[in-house]
Structures are given as structure tokens and as C-alpha cells.
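# Residue-level structural notes
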Amino acid sequence: MYHTLRYEDDSQLKIVVPTYYGNINCFFIENLAIEKDYEPGCLYLIMAAFEYFPGVDYSVLLLPYGTRQLPLMRQYFTPIPDRPFSAYEKELFVFHKSTFNRTYQVKPFSIEHLPGVRNLIMCSCLKDYLLNDLDQCLEKIEKDKRYRSGRCRKEKPEQNELEAVTLISENQVLGIAIVTRLNDVDFIQRFYEIGTRISLKYHKYSNFGLLLHCVLHPIAKFLSSVFLKEAMRLTERTVLCYKIHPSEVVPYDPSYWQSLCNVLDCLIPLKLVKKVPNKPTILLNTRQQAAEEEAPTKKLKLLITAYAIYVQKINLM
């Protein structure tokens, strides 16, 4: 579809209005009715609708702003931002038919995926933070290769070792996730209602992971939940946590805003306990010599700023 720009004069502002030419390339969903029990299968209705319109590539959905009745089908659509100064009262969502014609695979990150990841996040202002973490993942991959080839002995894994997985479709990188170990599980258990969401009887602390970054292409956004669970499977985690630090502490510590994530809608927020101090602290037992089991221990009092936390888990029951 080609367009030309024309200007409409206004007393104070000139608005750019595009004019499109060519054949209609989409169909509009006016009404959708489905039983609540079958609502997760609404994607099959969209697939069937494309069979009635073989010449189009897109499906369009309009929803009023602020509506409380959000159809489950919306998770498969990509939201389109409004133009500046737009006064239209509805929100636009678009779905491309190639979404369900593709074959998707989740694989561990490798050096061959790096150009595709760069292309995926090239427009993000936080891309440098994600690429720096990927460099650490590549270092881990190289260490594993040297160990398997017998050129070096097995090294003890680092405490904050990073692992990355990618979502691949037709030799194109459509998603990237970076996971590391979660070190402050005790803090979360003490000050957050994690027991209401996760049965700690089935999930060991060593299987808790921290989601550092997770980016999905809009065409694969409907696979967010599946991608997160595959990332947990490949990194051997049963629980993933994602932190959001308060805005007042970000200017003083830039490391708090280095995360890049667009799958927050698939994570479950945890509530703080009712009686939480303004400046929560936690006591940690540390050994002076980790190699000696009988080494004396000392307690460190750490001041940790409370943060919002979201979780995703794998059902083990």
C-alpha cells in the first residue's frame, strides 16, 4: 500500500494526513461471540476467517479505551500507537496471518543468533545493556566448549551466571530471554506474599531464576507465556521472577533500569505483606571461607529497597 502526504491547514497546527492507494488488504472484526469455556480457542476462528478472505494479510480489531471487557483474543493482536493529537476514542489492534503459518522453535542462544538479536532490538534505547549481558552468555558458552573438548578443566559456576534462549522462526530471531540466578529468595519470601502464588513445597530455592531481559517480536507476542515456560525448561528453572524498582531510586543507581522486557502481561504480580517496614532489611549468614564447612559465620545486615516483583512458574503437581 502506497501513500502520499497532504497537509490540511489549521489556524495554529498543520496535521499530516496520509492517503492510501491500492487494494484492501485487511478485514475488520465487528462482532465475536464464543462460549467462555472455549475462549482460549478463539485463534481458530481468526484462522477460519482468513480462509473466507484469501486475498488479505491483516485482521483489524478496534476496542474502546478504558473498557473492562477485554477479550482474550486481544493477546494475539499487536497494538498500534495513536498519532499525536489524535482524538479518536478507540484503540487499534492488528493481526498478520503469517502468525499461525510459521513454525516456532525455542533454542539456547548461540553466536549465530547474535545478528538476529541485534536486528530485533536495534530501535531500543536499552539495547546496549542486553547486548552486554549476551557477551557474558557467550563467554559461558566458550567455557563449556573448551571443557567438552578437554582443553580445560571444569570450572565452578559463577553465582550470577547468565543463560539466554531465543525464539526462532524461519531462520529469523523473534525473541530473546536472559535468565540468571535469584539470590534474594529469602527477602522475597519474607516481605512478599509468594506463598499465595507458589507452593514452596515443590519449588526449591536453587530452581528460582531472575528474568533480566525478555523481548518478543510483535508477530510472536501471543507466544509470550509459552516462550517463558520453554525458557524455564532450558535453563532448568521452575520459577522466574522479574523486578521493577521504584522510580525514585533509579537516578541514583543506573543498574536498576537496565532491563528490557515486553512480556509483563504474562507475569503475576506479588503483593507486599501488610506489615512491611519503610526500609526493609535482611540478615544474611556468610562464611569467611566457603571451602571450609566449619568456618565461623558472621551476620551481615543489608538494606534492600523494596521493589515490585512479578513471577511465572511451571506447575509441578
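Remember, predicted model here, so these are calculated numbers, not experimental data. (Residues numbered from 1 in each chain as written. Predicted model: local features only at pLDDT ≥ 70, side-chain atom pairs only at ≥ 80, totals over all residues. Heavy atoms only, no water.)

Turning to the layout of surface pockets, a few remarks are in order. In this structure, the second largest pocket occupies an estimated 540 Å³ of space. Considering the residues around the second largest pocket, the lining is formed by 21 residues, among which Tyr20, Val60, Ile80, Leu92 and Val94 are closest to the centre. Broken down by secondary-structure element, the contributors of at least two residues to the lining of the second largest pocket are β2 (15-21), β4 (58-64) and β6 (90-96). (1 Å grid on protein atoms, 1.4 Å probe; cavity = no way out; pocket = protein on both sides within 12 Å on 5 of 7 lines; lining within 4 Å. Points joined across faces, edges and corners; volume = space filled by probe spheres on them. Helix = DSSP H or I, 4+ residues; strand = E, 2+ residues; numbered from the N terminus.)

By the burial criterion, the buried members of helix α5 (residues 224-234) are Ser224, Phe227, Leu228, Ala231 and Met232. For α5, the angular spread of the buried residues around the axis is 140 degrees, confining them to a single face. Those residues of α5 hidden inside the fold are in contact with β7 (104-108), β8 (163-169), β9 (172-181), β10 (208-216), β11 (239-244) and β16 (308-313). Glu236 sits one or two positions beyond α5 and adopts a positive phi of about 60 degrees. (Buried < 20%, exposed > 50% of the residue type's maximum accessible area, 1.4 Å probe, protein only. Arc of directions from axis to C-beta. Contact = heavy atoms within 4.5 Å.)

Here the focus is the pairing of β9. Counting buried positions over the ten residues of β9 gives eight, a clear majority of the element. With antiparallel pairing between neighbouring strands as the criterion, β8 and β9 make up a hairpin whose turn holds two residues, including Glu170 at a positive phi of roughly 55 degrees. In terms of strand pairing, β9 meets β10 through seven bridges, oriented antiparallel. The residue bridging Gly175 from the neighbouring strand is Leu216, located in β10. (Pairing = 2+ DSSP bridges.)

To continue, consider helix α1 (residues 42-52). Within α1, the full set of buried residues consists of Cys42, Leu43, Ile46 and Phe50. Taken end-on, α1 shows its buried residues confined to a sector of 110 degrees, consistent with a single buried face. Set apart from the buried face of α1 by more than 90 degrees, the exposed residues are Tyr44, Glu51 and Tyr52. Of the surrounding elements, those touching the buried residues of α1 are β3 (26-28), β4 and β6.

The next point concerns unusual backbone geometry. Residues other than glycine seldom take positive phi values, yet Glu170 does so here, at roughly 55 degrees. Here Glu170 is to be found in the loop between β8 and β9. The exposed category is assigned to Glu170, whose relative accessible area is 56%. With phi around 60 degrees, Glu236 is a residue other than glycine that occupies positive phi space. The class of Glu236 is exposed, set by a relative accessible area of 63%.

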